[in-house]
There are 4 protein chains.
Amino acid sequence: MPDNLALARLDLAIANRIVSVEGIIDAFGHVSMRHPSRPDRYLISRSRSPELVEAADILEYTLDSEPVKPLPKGIRGYGELVIHGEIYKARPDVNAVAHHHGMAFLPFCNSGEELVPLYHMGAQIGPKVPFWDSRDEFGDTNLLVLKPEEGRSLARALGRHWLVLMRRHGATVAARNLTELVFRTIYSYRNAELQLTTRTLGHPLSPLTPGEQRLAWERNLEPRPQARAWEYWSIRLRKAGQYPAGPKTRAKPAARRRAAKTRTARGKRR
Amino acid sequence: MPDNLALARLDLAIANRIVSVEGIIDAFGHVSMRHPSRPDRYLISRSRSPELVEAADILEYTLDSEPVKPLPKGIRGYGELVIHGEIYKARPDVNAVAHHHGMAFLPFCNSGEELVPLYHMGAQIGPKVPFWDSRDEFGDTNLLVLKPEEGRSLARALGRHWLVLMRRHGATVAARNLTELVFRTIYSYRNAELQLTTRTLGHPLSPLTPGEQRLAWERNLEPRPQARAWEYWSIRLRKAGQYPAGPKTRAKPAARRRAAKTRTARGKRR
Amino acid sequence: MPDNLALARLDLAIANRIVSVEGIIDAFGHVSMRHPSRPDRYLISRSRSPELVEAADILEYTLDSEPVKPLPKGIRGYGELVIHGEIYKARPDVNAVAHHHGMAFLPFCNSGEELVPLYHMGAQIGPKVPFWDSRDEFGDTNLLVLKPEEGRSLARALGRHWLVLMRRHGATVAARNLTELVFRTIYSYRNAELQLTTRTLGHPLSPLTPGEQRLAWERNLEPRPQARAWEYWSIRLRKAGQYPAGPKTRAKPAARRRAAKTRTARGKRR
Amino acid sequence: MPDNLALARLDLAIANRIVSVEGIIDAFGHVSMRHPSRPDRYLISRSRSPELVEAADILEYTLDSEPVKPLPKGIRGYGELVIHGEIYKARPDVNAVAHHHGMAFLPFCNSGEELVPLYHMGAQIGPKVPFWDSRDEFGDTNLLVLKPEEGRSLARALGRHWLVLMRRHGATVAARNLTELVFRTIYSYRNAELQLTTRTLGHPLSPLTPGEQRLAWERNLEPRPQARAWEYWSIRLRKAGQYPAGPKTRAKPAARRRAAKTRTARGKRR
C-alpha cells in the first residue's frame, strides 16, 4: 500500500513538528510510528531535529533497530533508536512513541517527584508514571539509551503504562496511534507545567481519583476530542509556516480524509 | 434582523479567537453569546477549537441546548453545551459565557485557594469567586459538564457572581455582553497570574478593599476602557493574521460602527 | 520648529510601541514626552493602547493637562493625564514619563516588597524606589489617578527619584528624555523579573552597593549604550511589523540622524 | 585565505543572532571568535546588539584588544573587549567566547548559588562553574570589565573551565569553536532554567555524577549532535527571517559544506 505509507510518512513529519512548535521538543528528541502495514517495522526520521523533519526524511527500521535499506551516503540515523524498537517489541498495542527532554518534565525527572493528574486533560499521564534510572543497571553512562539492553531495560520500566520518566534525562511517551501520541505528549506536558505551578502555592495537591482519571482518559480518547485537537495543532502548524512538504496525494482531500479515518480506526481497533 | 445576526456571528468568532491568541484557551474551551434578538436562544461554534472559529461555524441553540436546526451532516456540537444553556436560563442578565482551562487558573481550581483582586484590573474577578466541585453531587465523573443537571448545578454555584472555578477542571466566566466577556476573561486571568507570582514572594497578599473592588469594576466597564481594550485585542488579532473571515457587511465601516454601538448599548441597557 | 515636532511625535509613537512589544504595557498604560520647544506643554496619544499609537494620534496638553486645541469630535484623551502633567510641573528635569501595569512589577506593588538593583542594568531603578498608596490620602477609590490632587500626591511621592511604585495599581517611570525613558522602563522591568526569580532560590539578595549603583547608572546613560539599545528595540519593532506610520521627513535619513542627535543632546544638557 | 575569513565573519554573525533569537542575549552582550588563520587576532562585531550583527560588522582585533585597522569614522567597538582578548591570550585552546546577561543565569550570579548539571545536556556547564566578583579586586565599579587588568582577573577566574559566572553582572562562556560555543551557551542556559524550576519543588537536587557529566559532555561534542543542533538553530534563524546578509560564497553549498567541515575539524584538532 504505497499510498498509505506515503501518508504515514507525512503524518509522522507533521507529528514531529507539532510537538516541537508547541514547545516540548527542541534540537533533540524523536518521534516514531509503527509501519502502517508491517507491524515488524517502524518509521522514524533520519537524525535531525523533529521541527525540521520532512516526509522524505522518514526511514524504515526493523524492531531490532536495523535500517531496512542501507542508509544513503551521508545520512545518519538517531543514536537512541532502541528506545523505539524495544518498546514496539515489548508492546504490540503501542504504535507510536515519542522521546523528549521537555523543560517542564525535567524537574520531575531530576527530583523523582511523582507526576499526578491534576485536571481532566492531565488524565492523559495514565494511572501511574513509572521512573527509570540508567544508573541502576548500567552505572555511570552518558545517560543516553544506546544499547539494546538499555532499550529493553527502559521498556521493562514502562511496563504496561504509557509514559516513563527517565532520571536526569527526559521522558518517553507511548500511544496506540500517532494522534493519541501527540495528544498525550502535549497534555501530559501541560499537567507537568500545572503541577510545577500548583506546587508553588504550597497547598496539598488534589489529584483526580482513580475513577476520575480513568473516565477522563477514556473521554479524551474519543474520536471527537481527538479530531478537534489534531485539527487545532495542525492548523497552527500551517499558520506558523511550519507545515512539512508532503507527497502529491496530499492534494486529494478525499483520499486524505479516508487515510485519517484509517489512522483513527487503527488505534480504535486495538 | 439578519445584519445584526451576521455581525453577532462575526463578533463571536473574533471573541473566540482573541481569548485564544491572548493565551487563555487552547484546543479546548468554548465561547458563546445570547442571540441578539431572541433571548431564548444562544450562539456558539460547532465543535472546534476557539482559535479556529469562523463566523460560518456559529450555530443557534435553544436554552435547553438543542440545536434550532438539525446540524449539517458531519457537523458536531460541543459536548459541554449545558454550561452555556443553563447559565443563560438562570441568569437573564448574562449575555455571554466563556469556559476555559487556562493554565494560570488551574492551580486555584486544583488547590482551592481563593482568588482575590490584587490590582485595579483584577477587580474584574468580581466581589467573590465561588468554587464548584463535580464530585460533590455527581461523584466520580470524567469531570466534564455534560448533563443538564450538571449544568444546572454549575449555574447554581455561579449564583449571582461572574466567575466560577471548577475543581480539577477549569473556569466559567459570565458577562453582560461579548466585549465585557473578553475583558473579564482576560483580566481575571491576569489577576490569577499575578496572584501566583505574588505568592512566591512569601508576603501576605494585599487585596483591594470591597470598596476599591466595586469602584474599579465600575470604572473598567465604562465605554472608554471597554472600547480601548476591544480595539487593542482585535487589532492584535488582525496583525497576527488570525482575524476570522466575515460577512460582506464588514466592508461597510459605518454599519460596523453602528453595530458595535448596539453591542455596547445592549450590555448597558441591562 | 514644525520638523522637530513632527519627529518628536514619531519618536513618541515608537517609544509607545517599543515598551508594548517588549512586553511591559498591554491594553492600558501611557507614555508621554515634554514638548520639544515648549516646556510648558507635553505630548501624549489620544486614548488608545500604546501598541497602536501612530504619530497622528499625539495631542498637545498644557501642564494642567488641558488640551491645547479642542479635541476633534469622537476623540477622547486618557483618563490619567494628571500623572504626566503634575510630574512635568514638579520636575523640570523630567522630559518623558511612562505609566504601566507590567506584570513583573505588580507583585512588588501589591506586597510592598522593596525593589533593589541586582545587576548592572538594574541600576536603572535608581538609588531608591518609593511607594505611593492612593488609600493613604484618598481612601477607597477606583485606584486610578484622575484628579489633579491625586496627580500632585503621586508626584510628591516620586520626589527626586525616577520610578515610583503605586500600591495595587502599577508604576510610573520618569526620565530626562525619551530614549532614557524607554531604557529605564525596560531595564527596571528586567530587574523586577530578576528579583522575582532570585527570590525563589531562597538566598539573601546581593544588591549593588550604592557606589556600584551610581557608577552603573551613569555608564548606562552614556551615548553609546543608549544608542545601541535604541537601535536594538527600534529594529526589533520594525522586524515585528509594528513600526508606526510617520511623517514624510522619515525619508530623509540625514535629517533623521540630526534629530536623533538633538534628542540625545537635549537629555544630556539637563 | 579570504574565503575562510569571509565565511568566518558570516558564521560569527549567525552565532550572534542564534543566541539572541533563542532568548539569551538582549540589547547587550557580545560573541567573538579567534581569527581562522591568525591565532593572535580575534573577530568581533562593532558595538551593536548581537541580534542585529551582519558579517560586514565584524572587526579584527589583536589579543590586546586593539583594532587591527583604525575603525571607520562613526564606528565604535564594544566597551568590554578585554573579556575576549584576555581569555584568548590565557587559553590557546579557546577559539570562541560569548558574554551575556541571560535572565536565567542572573539569579545564580546574584545569589552565588552553584550551578550543577541536572540532565545530560546540562553537562555542557562543565565539571565546575567558578564565580568572579569584580568587588574582590576592584571594589566599587560600574560592574563592566573594561580595563586589561579586569579582563585578566576574569580570565584567571575562568581558569581551565568553560563558563564563569560574574557576580551581579552575567556570564562568560568559552569553547573550542563557534559551533560548540553556541551549543554550550544555549544548553548551559537551559540547565540554569532547569535548576531554577527544580528548586521550586523543594527536593534536594540530583546532579549528574562526575562520570556522567564527563561522558555526556563528550557525547554532546561529537560531530553528529553538534551538526544536528547547528542545523536546527540556523534553520530556525532563517525561518524567523533573522538570517544575516552574507558574502556571495554562501551561494555555493559545496564550498559552504567544506568550510563547515573545516570549522568542526578545527575544533576537534585541539
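First, a word on scope: everything that follows refers to the structure included in this document. Computed from a predicted structure; not experimentally measured. (Residues numbered from 1 in each chain as written. Chains lettered and ligands numbered in written order. Predicted model: local features only at pLDDT ≥ 70, side-chain atom pairs only at ≥ 80, totals over all residues. Heavy atoms only, no water.)

### Digging into the overall build of chain A
When helices and strands are tallied, chain A shows nine helices and seven strands. A compact globule built from 270 residues should have a C-alpha radius of gyration of about 18 Å, and chain A, at 18 Å, falls within 12% of that. Dimensions along the principal axes, computed over C-alpha positions, put chain A at roughly 55 × 45 × 35 Å. For chain A, buried positions account for 63% of its 270 residues. The contacts in chain A between residues at least 6 apart in sequence include a share of 70% that link residues at least 24 apart. For chain A, the computed accessible surface area is about 9,700 Å², with 53% contributed by carbon and sulfur atoms. (Helix = DSSP H or I, 4+ residues; strand = E, 2+ residues; numbered from the N terminus. Rg over C-alpha atoms; globule rule 2.2 N^0.38 Å. Buried < 20%, exposed > 50% of the residue type's maximum accessible area, 1.4 Å probe, protein only. Contact = heavy atoms within 4.5 Å. Areas by Shrake-Rupley, 256 points an atom, 1.4 Å probe, with all protein chains shown as cover.)

### A few points about the relation of the copies chain C and chain D
Once chain C is rotated about the relating axis by 90° and shifted along it by 0.0 Å, it coincides with chain D to within an RMSD of 0.0 Å. On the angle and the small slide along the axis, the relation comes out as a four-fold axis. When C-alpha distances to the rotation axis are compared across chain C, the minimum falls at Thr200 of chain C, with a value of 4.7 Å. Interface overlap between copies is the fraction of interface residues in one copy that are interface residues in the other; for chain C against chain D it is only 3%, indicating separate surfaces. (Least-squares fit on C-alpha atoms with pLDDT ≥ 70 in both.)

### Observations regarding the interface of chain D and chain A
One widely used convention gives an interface's size as the accessible area the parts lose upon coming together. With 33 residues of chain D at the interface, the matching set in chain A holds 40 residues. Of the roughly 3,300 Å² buried between chain D and chain A, counting both surfaces, carbon and sulfur atoms make up 58%. Area buried by chain D at its contact with chain A is led by Leu201, Arg224 and Arg228 of chain D, which between them contribute 23% of it. For the pair chain D and chain A, the number of links is four salt bridges. Inspection of the region where chain D meets chain A yields 18 residue pairs in polar contact (both at pLDDT 80 or more). Of all elements in the fold, only helix H6 (178-201), helix H7 (210-220) and helix H8 (223-239) of chain D reach the threshold of two or more residues within the side of chain D that touches chain A. Of the residues in the side of chain D that touches chain A, the class split is 16 nonpolar, eight polar and nine charged. (Buried area = accessible area lost by both parts, 1.4 Å probe. Salt bridge = Lys/Arg side-chain N within 4 Å of Asp/Glu carboxyl O. Polar contact = N/O pair within 3.5 Å; in protein donor to acceptor, adjacent residues only side chain to side chain. Nonpolar A, V, L, I, M, F, W, Y, C, P; charged D, E, K, R; others polar.)

### Considerations on the interface of chain C and chain D
Residue-level contacts link 33 residues of chain C with 40 residues of chain D. Around 3,200 Å² of area is buried between chain C and chain D when both sides are counted, 58% of it from carbon and sulfur atoms. Along the contact surface separating chain C from chain D lie four salt bridges. Ionic pairing is found between Arg236 of chain C and Glu51 of chain D, a salt bridge with its closest N-O pair at 3.0 Å. Where chain C touches chain D, the interface holds 19 residue pairs in polar contact (both at pLDDT 80 or more). When contributions to the side of chain C that touches chain D are tallied by element, the ones reaching two or more residues are helix H6 (178-201), helix H7 (210-220) and helix H8 (223-239) of chain C.

### So, the sheet that holds strand E4 (residues 96-100) of chain A
Residue and element names in this part refer to chain A. In spatial order, the strands read E3-E2-E1-E4-E7-E6-E5; together these seven strands make up an open sheet with mixed pairing. Unpaired on one side and paired on the other, strand E3 (58-62) and strand E5 (131-132) mark the two borders of the sheet. As defined by bridge partners, strand E1 (residues 30-34) adjoins strand E2 (residues 41-45) across three bridges and the pair is classed as antiparallel. When the sheet's bridge partners are listed, Arg34 is paired in E2 with Tyr42. (Pairing = 2+ DSSP bridges.)

### Here's the deal with the pattern of salt bridges
For the structure shown, the criterion picks out 84 salt bridges over all chains. Between Lys89 of chain A and Glu86 of chain A there is a salt bridge, and its shortest N-O distance comes to 3.1 Å. Remark: Glu86 of chain A and Lys89 of chain A occur in helix H2 (residues 81-90); sequence separation between them is three residues, near one turn of the helix. The network of salt bridges with common partners includes Arg46, Arg48 and Asp57 of chain A together with Glu231 of chain D.

### Description of H2 of chain A
For H2 of chain A, the buried fraction is high: eight of the ten residues fall into the buried class. Within H2 of chain A, the full set of buried residues consists of Leu81, Val82, Ile83, His84, Gly85, Glu86, Ile87 and Tyr88 of chain A.

### Observations concerning the pairing of E2 of chain A
In summary, the side chains of a regular strand alternate between the two faces of the sheet. Residue and element names in this part refer to chain A. Counting buried positions along E2 gives five out of five residues, so the element sits mostly inside the fold. In E2, alternate side chains face the same way, and those of Arg41, Leu43 and Ser45 on one face and Tyr42 and Ile44 on the other are all buried. What sits between the antiparallel neighbours E1 and E2 is a turn of six residues. Across five bridges, the pairing between E2 and E3 is antiparallel.

### Here we look at the environment of Val82 of chain A
All names here are of chain A. Note on placement: Val82 falls in helix H2. Between the C-alpha atom of Val82 and that of Arg152, which follows or precedes it by 70 residues, the distance is 7.9 Å. If we skip the residues at most four places from it in the chain, Val82 touches Ser65, Ile87, Val145, Leu146, Lys147, Pro148 and Gly151.

### A closer look at the arrangement of the chains
Kept free of each other, chain A and chain C leave a smallest C-alpha distance of 9 Å between them. Here chain B and chain D are not in contact; the least distance found between their C-alpha atoms is 9 Å.

### Side note on the relation of the copies chain D and chain A
Note on the identical chains: chain D maps onto chain A by a rotation of 90° and an axial translation of 0.0 Å, with an RMSD of 0.0 Å. Counting the interface residues of chain D, we find that no more than 3% of their copies in chain A are interface residues as well, pointing to two distinct contact surfaces.

### Quick word on the packing of helix H2 (residues 81-90) of chain C against helix H5 (residues 148-158) of chain C
Geometry of a packed helix pair, given as the angle between the helix axes and the separation of the axes. Residue and element names in this part refer to chain C. Where H2 meets H5, the closest approach of the two axes is 8 Å, and the angle between their N-to-C directions is 50°. As judged from the angle between their axes, H2 and H5 are oblique. Both H2 and H5 take part in a crossing whose hand is right-handed. Each of Val82, Ile83, Glu86, Ile87 and Ala90 in H2 lies in contact with H5, whose residues at this interface are Pro148, Gly151, Arg152, Leu154, Ala155 and Leu158. Split by residue class, the contact of H2 with H5 holds eight nonpolar, one polar and two charged. (Axes fitted to C-alpha atoms, helices over the stretch in contact; angles between N-to-C directions. Parallel < 35°, antiparallel > 145°, perpendicular 65-115°, else oblique. Left-handed = near helix turned anticlockwise from the far one by under 90°.)

### Topic: the environment of Ile87 of chain D
Residues and elements named next belong to chain D. As for its position among the elements, Ile87 is in helix H2 (residues 81-90). Residue classification places Ile87 among the buried positions, given a relative accessible area of 1%. Separated by 67 residues in sequence, Ile87 and Leu154 place their C-alpha atoms 8.1 Å apart. Residues within four places of Ile87 in sequence aside, it is in contact with Val82, Val94, Val97, Ala155, Leu158 and Thr172.

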